[in-house]
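The lines below spell out each chain.
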Amino acid sequence: MRTVLIVAQSLDGFITRHDDAGTAWASSADQAWFRSCLPRFDALVMGRTTYETVRDVILAKRDDGVHRLIMTRSPEAWKDDAAPGALDFTAAIAAEVHASVVAAGRSNFAVLGGAHVHDLFLAAGLVDEIWVTIEPRIFGAGTPLVQARHDVKLTLLEQTRLDDSDSVVLRYAVSR
Ligand SMILES: NC(=O)c1ccc[n+]([C@@H]2O[C@H](COP(=O)([O-])OP(=O)(O)OC[C@H]3O[C@@H](n4cnc5c(N)ncnc54)[C@H](OP(=O)(O)O)[C@@H]3O)[C@@H](O)[C@H]2O)c1
């Protein structure tokens, strides 16, 4: 199974604009690119904070065959949203989440943030590729791409300027 971390960041490495939750700040080019990527994935994971910013969209997609896992230390608080095998809330560690997706026979797994979930999957060595959109913005403050210390080495696979924009998508493989 391939595990891909997909993220948009400002040039100075923030995934949120200051204290604003969500990704409304991202360019329309990136948002269209992100939407075009998602059908390639049959499982995805995000943190509870990110989930809350996209909850309505996800609840509307619960029956589309994609397995969505939400990391939270309080899964029971979300039992009304849960749909086993489609939308699961879990307090499992990243390695267990990953193993459960492998065991379910899924082939493409997307790690969709936020920073805490990036930390958990990168620290566990579970990310195969990173697809990052560099947005032509500088924020100076916000949620960083990662919050923990890492020393992850990457190999550039592809660089693409998104159509009619100043946004660049960089695709990296994580070196082992
Ligand atoms: N620019 C982008 O591409 C992009 C992508 C994704 C997200 N974002 C933005 O980033 C922000 C959220 O990032 P974030 O780092 O604050 O939060 P996050 O990673 O989305 O979620 C953090 C939550 O994950 C849960 N969690 C953390 N460690 C855990 C563990 N070991 N086991 C189980 N659950 C655990 C906790 O939920 P509980 O408190 O419920 O226990 C924690 O509050 C949002 O504003 C979102 O829109 C941007």
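Per an unreviewed UniProt entry, the chain goes by the name Dihydrofolate reductase family protein and belongs to Actomonas aquatica.

Draft legend 1. View of the pattern of salt bridges. In the structure shown here, the tally under the stated rule is 10 salt bridges. A salt bridge links Arg2 to Glu129; the nearest nitrogen and oxygen atoms lie 3.7 Å apart. One end of the pair, Arg2, is in strand β1 (residues 2-10); the other, Glu129, is in strand β6 (residues 129-135), and 127 residues separate them in sequence. Look at Arg2 and you get partly exposed, because its relative accessible area is 26%. The buried category is assigned to Glu129, whose relative accessible area is 12%. Look at the salt bridges and you will find they share partners, linking Arg2, Glu129, Glu158 and Arg171 into a network.

Draft legend 2. Structural view of the environment of Glu158. As for its position among the elements, Glu158 is in strand β7 (residues 154-161). By relative accessible area, Glu158 is classed as partly exposed at 37%. C-alpha of Glu158 to C-alpha of Arg171: the two residues are 13 residues apart in sequence and 5.1 Å apart in space. Those residues in contact with Glu158, other than ones at most four positions away along the chain, are Val169, Leu170 and Arg171.

Draft legend 3. Structural context of the UniProt feature "domain: Bacterial bifunctional deaminase-reductase C-terminal" (unreviewed entry) in the chain. Annotation from UniProt places "domain: Bacterial bifunctional deaminase-reductase C-terminal" (unreviewed entry) at residues 7-161. Secondary structure content for residues 7-161 is 27% helix and 24% strand, and the end C-alpha separation is 15 Å.

Draft legend 4. Fine view of the pairing of β7. Pairing of β7 with strand β8 (residues 168-174), which is carried by seven bridges, proceeds in the antiparallel orientation. Bridged to Arg161 within β8 is Val168. In this structure, the hairpin formed by β7 and β8 is closed by a connection of six residues, where Asp164 is found at a positive phi of approximately 50°.

Draft legend 5. Main features of the site of the ligand. Around the ligand sit 23 residues, and of these Ala8, Arg48, Thr50, Thr72 and Arg73 come closest. Measuring from a nitrogen atom of the ligand, one finds a backbone N or O atom of Ile15 at 2.9 Å. Looking at the shell around the ligand, the elements that each hand over two or more residues are β1, α2 (48-60) and α4 (115-123). Looking at side-chain class alone, the shell around the ligand contains 10 nonpolar, 11 polar and two charged residues.

Draft legend 6. Structural context of the pairing of strand β5 (residues 108-111). Here β5 shows two buried faces, one formed by Asn108 and Ala110 and the other by Phe109 and Val111. Sheet topology places β1 next to β5; four bridges connect them, and they run parallel. The partner of Leu5 across the bridge, within β5, is Val111.

Draft legend 7. Expanded view of unusual backbone geometry. A cis amide bond links Gly113 to the next residue, Gly114, at an omega of 0°. Relative to the helices and strands, Gly114 is located in the loop between β5 and α4. Positive phi is not limited to glycine here, since His18 has a value of about 55°. Inspection of the secondary structure assignment puts His18 in the loop between β1 and α1 (28-37). Classification of His18 by relative accessible area gives partly exposed; the value is 31%. Positioned with a positive phi, Asp164 is a non-glycine residue whose angle comes to about 50°.

Draft legend 8. Local environment of the packing of aromatic side chains. Inspection of the entire model under this criterion finds seven aromatic pairs. Between Tyr51 and Trp78, the ring centres sit 5.6 Å apart and the planes meet at 90°, which makes this aromatic pair edge-to-face. Here the residue Tyr51 occupies a position in helix α2, and Trp78 occupies one in the loop between β3 (67-71) and β4 (87-90), the gap between them amounting to 27 residues. Of the two residues, Tyr51 and Trp78, both sit in the buried class.

About the thresholds
Residues numbered from 1 in each chain as written. Predicted model: local features only at pLDDT ≥ 70, side-chain atom pairs only at ≥ 80, totals over all residues. Heavy atoms only, no water. Salt bridge = Lys/Arg side-chain N within 4 Å of Asp/Glu carboxyl O. Helix = DSSP H or I, 4+ residues; strand = E, 2+ residues; numbered from the N terminus. Buried < 20%, exposed > 50% of the residue type's maximum accessible area, 1.4 Å probe, protein only. Contact = heavy atoms within 4.5 Å. UniProt positions renumbered as here; feature names shortened; annotations may be inferred. Pairing = 2+ DSSP bridges. Near = heavy atom within 4 Å. Polar contact = N/O pair within 3.5 Å; in protein donor to acceptor, adjacent residues only side chain to side chain. Nonpolar A, V, L, I, M, F, W, Y, C, P; charged D, E, K, R; others polar. Phe/Tyr/Trp six-rings, centres within 6.5 Å; stacked < 30°, edge-to-face > 60°.

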